[in-house]
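Each chain, written out:
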Amino acid sequence: METQGQVVALLDATGSFFEPAVTAFPGADAAAWERAALLDPGAAGPDGSWRLDFRCFAVSRPGGRWVLIDAGVGPAQGPAAGWAPVPGRLPAALGEAGIAPADVEAVVLTHLHEDHTGWTQDAAGRPFFPDARYLVQSAEVAALDRADPVWDWTVAPLRATGQFHEVAGEHRLAPGITLLPTPGHTPGHQSVLVEGVTGPGRGRGRRGRNVLVTGDVLVHAVQLADPAVPYSHERDRAAARASREELLDLAVRRRALLATAHLTRAFVEPPPPDPEAPRHARRPRARSRHATAGEAP
């Protein structure tokens, strides 16, 4: 189990993707693949396959409470069963971290894909986190097809229990925890900034590293090597690239670690733009949409 201050990485599953890496990331050149291999060597599977993790994150709160970010691939009968390595082991990972489902006060869903919503229910069809609010961007809900299995697995049952909450735009969930809209992978995708993380043994009042939980803004290290590289399953590639570039720029400016859902490393430093890359391929410094505490927009 990996931690950064009060942020705990929870590995739900590991497996190989159903497409070769070069198919999943069209347009990546040899230099980007070489750099990606240095950033995340564990992602390279046999015969060009893509090995990826399916990871959630927990953020500790006062009074023994927790905020969970994403809900993994879920049980064997969950909607991810057709392609993801189910059942996931999130219940065991939570136990190893000393987190009971009833300790979770909020679950932030970065988006409504099957591999991020699996443990919103348990194997018996009950909300896995019985006392939690589940927070999703309203744009994400509006774009979800009612025939999508996630609707009946997550949205409808949590609405019925009064636990499903929609937010619009940037949203401060709690002191030091901010939801940031990062559309593109899906229309209402969001990432999470955890500010001033304080770790065990730090002096009272000392601020630790900020952590940016990316969700699927980036799903492979090749998109760290070259943020312009698209992913074949992004809903809007141009918007996804803009969100990725803005988030990486924010991470550099805030000296934040990236907490990743699918890299085989839970926490990675945001790499600076490659000085040897052609000028057109370098990451531009965009004016960020995300103004956070203590920082001008």
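In what follows, the structure referred to is the one given above.
These lines cover the structure that appears in this document, whether it is placed above or below. As the structure is a computational prediction, the values presented were derived from the model and not from experiment.

### Let's talk about the overall build of the protein
Point 1. Scanning the protein from N- to C-terminus turns up 8 helices and 13 strands.
Point 2. For the protein, buried positions account for 54% of its 297 residues.
Point 3. Within the protein, residue pairs in contact and separated by at least 24 positions form 73% of the contacts whose partners lie at least 6 positions apart.
Point 4. Entry remark: accessible area of the protein is about 12300 Å², with carbon and sulfur atoms responsible for 52%.

### What about the sheet that holds strand S11 (residues 210-215)?
Paired through backbone hydrogen bonds, the strands of a sheet run either parallel or antiparallel to each other.
Point 1. With mixed pairing, the 6 strands of this open sheet are ordered in space as S8-S9-S10-S11-S12-S13. Lying at the two open borders of the sheet, with one neighbouring strand each, are strand S8 (171-174) and strand S13 (267-268).
Point 2. In terms of strand pairing, strand S12 (residues 256-260) meets S13 through 2 bridges, oriented antiparallel. In the strand pairing of S13, leucine 258 is matched with valine 268.

### A few points about the layout of surface pockets
Point 1. For the second largest pocket, the calculated volume is near 230 Å³.
Point 2. In terms of lining, the second largest pocket is formed by 15 residues, of which the most central are Phe17, Trp83, His113, Tyr231 and His233.
Point 3. If you list the elements that add at least two residues to the lining of the second largest pocket, you get strand S3 (51-61) and helix H4 (114-117).
Point 4. Broken down by class, the residue content of the lining of the second largest pocket amounts to 8 nonpolar, 4 polar and 3 charged.

### Looking at the sheet that holds strand S4 (residues 65-69)
Point 1. Taken together, 7 strands build an open sheet; the order of strands is S1-S2-S3-S4-S5-S6-S7 and the sheet is mixed. Only two strands of the sheet have a single partner each, and these edge strands are strand S1 (3-4) and strand S7 (164-167).
Point 2. The pairing of S3 with S4 spans 5 bridges and is classified as antiparallel. Within the sheet, the bridge partner assigned to serine 60 lies in S4 and is tryptophan 66.

### Some remarks on helix H8 (residues 237-253)
Point 1. The end-to-end C-alpha distance of H8, which contains 17 residues, comes to 24 Å, matching closely the 24 Å that a straight helix rising 1.5 Å per residue would cover.
Point 2. Within the span of H8, buried status applies to Ala240, Ser243, Arg244, Glu245, Glu246, Leu247, Leu248, Asp249, Leu250 and Ala251.
Point 3. Where H8 is buried, its residues touch strand S9 (177-181), strand S10 (190-194), S11, helix H7 (222-225) and S12.
Point 4. With a side-chain oxygen lying 3.2 Å from the backbone nitrogen of alanine 238, the N-terminal cap of H8 falls on aspartate 236.
Point 5. Following H8 by one or two positions, arginine 255 adopts a phi angle in the positive range, close to 55 degrees.

### Points about unusual backbone geometry
Point 1. The linkage connecting valine 86 with the following residue, proline 87, adopts the cis geometry, with an omega of -5 degrees.
Point 2. The phi angle at aspartate 47 is positive, at roughly 55 degrees, despite the residue not being glycine.
Point 3. Structurally, aspartate 47 is set in the loop between helix H2 (30-39) and S3.

### Quick notes on the side chain of serine 49
Point 1. Relative to the helices and strands, serine 49 resides in the loop between H2 and S3.
Point 2. Aside from chain neighbours lying at most four places away, what touches serine 49 is Ala43 and Ala44.

### Brief notes about the pairing of strand S2 (residues 7-16)
Point 1. Taken across its 10 residues, S2 has 7 buried, putting it largely inside the fold.
Point 2. Relative to S2, S1 is paired through 2 bridges, and the arrangement is antiparallel. Within S2, the residue paired with glutamine 4 across the bridge is valine 7.
Point 3. The turn joining S1 and S2, which pair antiparallel and follow one another in sequence, is formed by 2 residues; a positive phi near 60 degrees is taken by glycine 5.
Point 4. The pairing of S2 with S3 spans 9 bridges and is classified as antiparallel.

### Quick look at the environment of leucine 179
Point 1. Structurally, leucine 179 is set in strand S9.
Point 2. Sequence spacing of leucine 179 and valine 213 is 34 residues, and the spatial spacing of their C-alpha atoms is 9.6 Å.
Point 3. Setting aside anything within four residues of it in sequence, one finds leucine 179 in contact with Val108, Leu135, Val167, Gly169, Glu170, His171, Gln190, Ser191 and Val192.

### Focus: the pairing of S9
Point 1. Judged by how many residues are buried, S9 sits mostly within the fold: 5 of 5 residues are covered.
Point 2. Burial along S9 is two-sided: the face carrying Ile177, Leu179 and Pro181 and the face carrying Thr178 and Leu180 are both buried.
Point 3. Summarising the sheet, S8 and S9 pair through 3 bridges and their orientation is antiparallel. Bridge pairing in S9 links alanine 174 to isoleucine 177.
Point 4. Linking two consecutive strands that pair antiparallel, namely S8 and S9, is a turn of 2 residues; a positive phi of about 85 degrees is found at glycine 176 within it.

Rules behind the numbers
- Residues numbered from 1 in each chain as written.
- Predicted model: local features only at pLDDT ≥ 70, side-chain atom pairs only at ≥ 80, totals over all residues.
- Heavy atoms only, no water.
- Helix = DSSP H or I, 4+ residues; strand = E, 2+ residues; numbered from the N terminus.
- Buried < 20%, exposed > 50% of the residue type's maximum accessible area, 1.4 Å probe, protein only.
- Contact = heavy atoms within 4.5 Å.
- Areas by Shrake-Rupley, 256 points an atom, 1.4 Å probe, with all protein chains shown as cover.
- Pairing = 2+ DSSP bridges.
- 1 Å grid on protein atoms, 1.4 Å probe; cavity = no way out; pocket = protein on both sides within 12 Å on 5 of 7 lines; lining within 4 Å.
- Points joined across faces, edges and corners; volume = space filled by probe spheres on them.
- Nonpolar A, V, L, I, M, F, W, Y, C, P; charged D, E, K, R; others polar.
- Expected span 1.5 Å × (residues − 1).
- Polar contact = N/O pair within 3.5 Å; in protein donor to acceptor, adjacent residues only side chain to side chain.

Purely geometric numbers; function is a separate question.
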